[in-house]
Amino acid sequence: MKENTPIQEIKSPILDENGVRLFIKRDDLTHPEVSGNKWRKLKYNLLQAKKEGYQTILTFGGAYSNHIHAFAAAGKLYGLNTIGVIRGEEHLPLNPTLKFATEQGMKLVYMDRTSFRNYKEQIPRLKKELGDFYMAPMGGSNSFALKGVAELGEEINAFDERVDYVCAACGTGGTLAGLITSLDSDTKVIGFPALKGGEFLYDDIKEFIKESFVEEKVDWTLNTHYHFGGYAKKKPELIDFMNEFHHKHHIELERIYTGKMMFGVIDLIKKGFFEKGKHILCLHSGGLQINR
Ligand SMILES: *Cc1c(COP(=O)(O)O)cnc(C)c1O
């Protein structure tokens, strides 16, 4: 598992014209299957499960979630049995995410959408049926996750260029919460929700921070304009942008999280949102297995 991932500068006439510099934190390089923020969020959960003597770890997620993918692979690497509780019914043949998860040894359990909405209430029943386990919540976002993401924040703080803005894609907001509570106070954080109606994340992020007994250190905001219609919608404009970005900068993005965030950042640069002279750092949070 690779930490202290590189930070790479992007060169483009658009940046020169608008007087800003753009850097990418290459957290897509942590591990091919446990990439980016998923590794950051899982690390201390896995260590905690081991410390408490658990042999099995369980989590919750959608049938296409990067979290399930990473959780299965990380559990295997750490010698822990994994159970994935999947939202909805079983569909055969398994999709590539779930097929990969079972190949890592993950046991899949399905939960109807109504029960899934309050999945934490189902834990006692699951323990009765499946035996004892260490539970990591959906998306892996809890106080141990914030601790792991804080290490990412520290790596950014140690970068030898000034960083004025850190931009990151949001699903549950756990990653953003970890950045908000670890970056140097003169950095501003902008989160780009992948979901439509991402304003609910303001409350969720504040809740993660409160539950973790840590403090907000920086000014932060959400930009909810770049969801492209929702979680997994394929918009040609977005796909074209990602292909062009890959071609020009040799950095692959994916359409659910990092593609949208990067599109948003470049669009904001073109619109003059960032003041001249500013340094912007985008988090490449990984998740590239979805392109395969
Ligand atoms: C899961 C994921 C996110 C969202 O992370 P949260 O902590 O849930 O906000 C962002 N980018 C990628 C690539 C992801 O896989």
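Structural data are supplied above this passage.
None of these values were measured; they are calculated from a predicted model.

Scoring rules and cut-offs
For every chain, the first residue of the written sequence is number 1, and numbering continues from 1 onward in sequence order. Local features in this predicted model are restricted to residues of pLDDT 70 or higher, and side-chain atom pairs are both shown and tallied only at a pLDDT of 80 or more, whereas totals for entire chains, interfaces and linings draw on every residue. The basis for the side-chain values is all heavy atoms of the structure; hydrogens and waters are excluded. Only when DSSP finds a minimum of two bridges between them are two strands counted as paired. We count a stretch as a helix when DSSP gives it H or I for four or more residues in a row; a strand needs E for two or more, and each element gets its number in order from the N terminus. Axis definition: a line fit to C-alpha positions, over the contact stretch in the case of helices; interaxial angles, taken between N-to-C directions, run 0 to 180 degrees. By nonpolar core is meant a set of buried Ala, Val, Leu, Ile, Met, Phe, Trp, Tyr and Cys residues that side-chain atoms within 4.5 Å join together. The cut-offs for exposure are 20% and 50% of the maximum accessible area for each residue type, with area from a 1.4 Å probe on protein chains only; residues under the lower value are buried, those over the upper are exposed, and the others partly exposed. Any two residues having at least one pair of non-hydrogen atoms within 4.5 Å are treated as being in contact. By convention in these notes, a residue is near a molecule or strand provided one of its non-hydrogen atoms lies within 4 Å of it. We define a polar contact as two N or O atoms separated by no more than 3.5 Å, with the added condition that, inside protein, one atom must be a possible hydrogen donor and the other a possible acceptor, whereas residues neighbouring each other in sequence contribute only through side-chain atom pairs. Using the Shrake-Rupley algorithm and a 1.4 Å probe, accessible areas are obtained, with residue cover drawn only from the displayed protein chains. Under the scheme applied here, ten amino acids are nonpolar (Ala, Val, Leu, Ile, Met, Phe, Trp, Tyr, Cys and Pro), four are charged (Asp, Glu, Lys and Arg), and all others, including Gly, are polar. Residue ranges assigned to each domain were obtained from an automatic or database domain assignment. Patches draw on residues past 30% relative accessible area with no salt bridge. Two like charges within 9 Å are joined, as are two nonpolar side chains (Val, Leu, Ile, Met, Phe, Trp, Tyr) within 5 Å. A side-chain nitrogen of Lys or Arg and a carboxyl oxygen of Asp or Glu constitute a salt bridge if their distance falls within 4 Å. Charge counting treats Lys and Arg as positive and Asp and Glu as negative, with His and both chain ends excluded. For charged residues, the charge sits on one atom: NZ in Lys, CZ in Arg, CG in Asp, CD in Glu.

*Asks:* Explain the sheet that holds strand 1 (residues 7-10) to me, please; I cannot follow it from the model alone.
*Replies:* What holds strands together in a sheet is hydrogen bonding between their backbones, with the strands either parallel or antiparallel. Read across the open sheet, the six strands follow the order 1-2-10-7-8-9; overall the sheet is mixed. The open sheet has two edge strands with one neighbour each: strand 1 and strand 9 (219-222). The average undirected angle you get between the axes of adjacent strands in this sheet is 25 degrees. In terms of strand pairing, strand 2 (residues 21-26) meets strand 10 (residues 279-284) through six bridges, oriented parallel. From the neighbouring strand, lysine 25 faces strand 10, where its bridge partner is leucine 283.

*Asks:* Quick question: what am I supposed to make of unusual backbone geometry here?
*Replies:* If a residue is not glycine, its phi is most likely negative; likewise, a peptide bond is most likely trans. The omega torsion of the bond from leucine 92 to proline 93 falls at -5 degrees, within 30 degrees of zero and hence cis. Mapped onto the elements of the fold, proline 93 is located in the loop between strand 4 (81-87) and helix 4 (96-103). The phi dihedral of asparagine 4 is positive, around 50 degrees, even though this residue is not glycine. Mapped onto the elements, asparagine 4 comes out in the segment before strand 1. With a phi close to 55 degrees, phenylalanine 228 is a non-glycine residue in the positive phi region. Tracing the backbone through its elements, the reader meets phenylalanine 228 in the loop between strand 9 and helix 10 (236-249).

*Asks:* Looking at this model, I keep getting lost on the nonpolar core. Mind explaining?
*Replies:* Across soluble globular proteins, nonpolar side chains have a tendency to be buried as a group. Leu22, Met262, Val265, Phe274 and Ile280 are the most contacted members of the largest nonpolar core, which totals 31 residues. Of all elements in the fold, only strand 2, strand 7 (165-170), strand 8 (188-193), helix 10, helix 11 (258-270) and strand 10 reach the threshold of two or more residues within this core. At seven residues, the largest contribution of residues to this core is made by helix 11. Each residue touching valine 265, except ones within four places of it in the same chain, is listed here: Leu22, Cys167, Phe192, Phe274, Ile280 and Cys282.

*Asks:* What is the right way to read the site of the ligand from this model?
*Replies:* Around the ligand, a shell composed of 16 residues is seen, among which Lys38, Lys41, Asn66, Thr172 and Thr175 lie nearest. One of the backbone N or O atoms of glycine 174 is found 3.4 Å from an oxygen atom in the ligand. Compared with its free state, where it exposes 380 Å², the ligand has 97% of that area covered by protein. Secondary-structure elements contributing two or more residues to the shell around the ligand are helix 2 (36-51), strand 7 and helix 8 (174-180). Here the shell around the ligand takes three residues from helix 2, the largest share from any one element. Residue composition of the shell around the ligand, by class: three nonpolar, ten polar and three charged. For the shell around the ligand, the two domains that each supply at least three residues are domain 1 (7-32 + 142-291) and domain 2 (37-140).

*Asks:* When you look at a negative patch on the surface in this model, what are you seeing that I'm missing?
*Replies:* On the surface, a cluster of negative charge is contributed by Asp203, Asp204, Glu207 and Glu211. Tracing the chain through its elements places aspartate 203 in helix 9 (residues 201-211). For aspartate 203, a relative accessible area of 56% puts it in the exposed group.

*Asks:* Help me understand the pattern of salt bridges in this model?
*Replies:* When their charged atoms lie close together, side chains carrying opposite charge are able to pair. For the coordinates displayed, the defined rule picks out 16 salt bridges. In this structure, the salt-bridge partner of glutamate 3 is lysine 43, at a minimum N-O distance of 3.2 Å. Taken together, the residues glutamate 3 in the segment before strand 1 and lysine 43 in helix 2 connect sequence positions 40 residues apart. With its nearest N and O atoms 3.1 Å apart, the salt bridge here joins glutamate 33 to arginine 292. Separated by 259 residues along the polypeptide, glutamate 33 in the loop between strand 2 and helix 2 and arginine 292 in the segment after strand 10 bring together distant segments of the chain.

*Asks:* What am I meant to see in the side chain of threonine 258 here?
*Replies:* For threonine 258, the position within the fold is in helix 11. For threonine 258, a relative accessible area of 0% puts it in the buried group. Ignoring anything within four residues of it in the chain, the contact list for threonine 258 reads Ala169, Leu253, Leu283, His284, Ser285 and Gly286.

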